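Below are the chains, spelled out letter by letter.
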Amino acid sequence: MTVTAEQAAEVLRGADRILILTHLRPDGDTCGCAAALCLALRAAGKTAYLADNTEITARYRPMTDPLRAPEAFEPAFIAVVDSSNPERIAPSIAQWVPEIDLVIDHHEHNPNYGRYNLVRPDYAACAELIYEVICAMGVTITRAIGEAIYTGASSDTGSFRYSNATANTLRVAAACLDAGVDGGEINRRLFEVKSRARHAMEGYVFAHMRYTHGGAIGTAVIPYTVQQECGAGMDELESIAALPRQIEGVSVGLTLIEQKDGTIRVSVRTGGDLSAAEICRSLGGGGHLRAAGVTLHTTLERACEQVQTATEKYYCGKA
Ligand code: 5GP
Ligand code: MN
């Protein structure tokens, strides 16, 4: 059944021994939501932990590691945050998928795969929803909870710069600042400080950008060997998909990243009315209006053709 934030808070008030799941290729939103919810549940007297998602990168570990469930932990209630469907829950914790009690998410096509489902596609970040649930639980936003919520909200809005950031997003961020959060430092760590490997990756992306449609579509194609040469891991690849649209004239950014297993991770970023989610759904993936993705099982060059063809189909007529 679908629930409101108040009802979700009521469900959580009646639960205990809670395990919180995050999604694959975990980002600041899923990690921040999980940490904030876990801390709030503990403040409410509950036993709560984060499931041990082994994909969580060094960037977020200081926030999530102290809350990680011990191996012997036997949960009685499973909550999942920011995961649009059960297939997107990280493989290392997917054994809990059949037992999911509560889904808290902000993706449009969430199939409501929990016993209780709180889904708000109009929210830029799932962290906005977590904030509401925590407030409805009557738990005070401490600095630590605020840092986790701010991390989520900032991550999904590119430091509150993207057009998905609403007045509500900023109100939630303001509440975090009121709780003593150093927003400038969080944004600096999320968006400014980069490893040398990341700088090498960015250099490659800008030097090898492919332009079509008179420069309106920019495609970054990143072979696995290049990632190895740059020394880039998951952290360095996060949000690399934002780069094509940083180039003047590019309105659709396509980023194709060859994985170690040979599959191709595709990220689509759009502006205006052009739906990235529609483009990705036509290829078997999904996502939000302006940020979506899909995994393709083919060669890098074939994938590039498929994605460009799919994009052109939607692009023509809309631009
Ligand atoms: P990214 O390009 O950062 O990997 O993903 C952008 C957004 O698209 C994510 O927030 C997620 O909601 C969605 N997304 C990415 N990959 C997939 C996919 O394979 N399937 C679905 N349904 N959504 C995806
Ligand atoms: Mn999110």
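That block above? That's the structure.
Residues numbered from 1 in each chain as written. Chains lettered and ligands numbered in written order. Predicted model: local features only at pLDDT ≥ 70, side-chain atom pairs only at ≥ 80, totals over all residues. Heavy atoms only, no water.

**Student:** Can you help me understand the site of ligand 1 in this one?
**Tutor:** Close to ligand 1 lie 14 residues, the nearest being His107, Arg265, Ser267, Arg269 and Gly286. Its free accessible area being 500 Å², ligand 1 has 77% of it covered by the protein chains. When contributions to the shell around ligand 1 are tallied by element, the ones reaching two or more residues are β9 (264-269), β10 (286-287) and β11 (291-296). Looking at which element gives the most residues to the shell around ligand 1, the answer is β11, with four residues. Residues of the shell around ligand 1, tallied by class, amount to three nonpolar, eight polar and three charged. (Near = heavy atom within 4 Å. Areas by Shrake-Rupley, 256 points an atom, 1.4 Å probe, with all protein chains shown as cover. Helix = DSSP H or I, 4+ residues; strand = E, 2+ residues; numbered from the N terminus. Nonpolar A, V, L, I, M, F, W, Y, C, P; charged D, E, K, R; others polar.)

**Student:** What should I look at first to understand the sheet that holds strand β4 (residues 102-105) in this one?
**Tutor:** Strands pair in a sheet through their backbones, by hydrogen bonds, and they do so in one of two ways: parallel or antiparallel. Spatial strand order, β2-β1-β3-β4-β5: five strands in an open sheet with parallel pairing. Whereas interior strands pair on both sides, the edge strands pair on one side only; in this sheet they are β2 (48-50) and β5 (116-119). Between one strand and the next, the sheet's axes are offset by a mean angle of 15°, whatever the strand orientation. Examined bridge by bridge, β4 and β5 share four bridges and lie parallel to one another. When the bridges of β5 are listed, valine 103 appears paired with asparagine 117. Where helix α1 (residues 5-13) meets the sheet, it contacts β1 (18-21), β3 (77-81), β4 and β5, and its direction lies at approximately 140° from that of β5. The strands touched by helix α2 (residues 28-43) within the sheet are β1, β2, β3 and β4, with β2 carrying the most contacts at an inclination of about 165°. (Pairing = 2+ DSSP bridges. Axes fitted to C-alpha atoms, helices over the stretch in contact; angles between N-to-C directions. Contact = heavy atoms within 4.5 Å.)

**Student:** Please clarify how the nonpolar core should be interpreted in this entry.
**Tutor:** Proteins that are soluble and globular tend to have nonpolar side chains buried together. Within the largest apolar cluster, 56 residues are counted, with the highest numbers of intra-cluster contacts made by Ile20, Leu37, Ile104, Ile130, Ile134 and Ile149. Top element by residues in this core is α2. It accounts for nine residues. Counting residues in each nonpolar core, the second largest holds 24 residues, with Val252, Ala292, Leu296 and Val307 among its members. (Core = buried A, V, L, I, M, F, W, Y, C linked by side-chain atoms within 4.5 Å. Buried < 20%, exposed > 50% of the residue type's maximum accessible area, 1.4 Å probe, protein only.)

**Student:** Where do I start with the coordination of the manganese ion (ligand 2) in this structure?
**Tutor:** Every protein donor of the manganese ion (ligand 2) is listed here as Asp29 (OD), Asp82 (OD), His106 (NE2) and Asp156 (OD), and their distances to the metal cover 2.2 to 2.4 Å. On the primary sequence, the residues serving as donors to the manganese ion (ligand 2) are separated as D-x52-D-x23-H-x49-D. You can see aspartate 82 sitting in the loop between β3 and β4 and its partner histidine 106 sitting in the loop between β4 and β5, a full 24 residues away along the chain. Residue classification places aspartate 82 among the buried positions, given a relative accessible area of 2%. (Donors = N, O, S within 2.8 Å, 3.2 Å for Na, K, Ca; no water.)

**Student:** I keep staring at the side chain of arginine 265 and nothing clicks. Help me out?
**Tutor:** Take arginine 265: it is sitting in strand β9. One buried charged side chain, arginine 265, makes no salt bridge at all; its nearest oppositely charged neighbour is glutamate 55, positioned 9.2 Å away. At 3.5 Å, the side chain of arginine 265 and the backbone oxygen of valine 294 are in polar contact. (Lys, Arg positive; Asp, Glu negative; His and termini not counted. Salt bridge = Lys/Arg side-chain N within 4 Å of Asp/Glu carboxyl O. Polar contact = N/O pair within 3.5 Å; in protein donor to acceptor, adjacent residues only side chain to side chain.)

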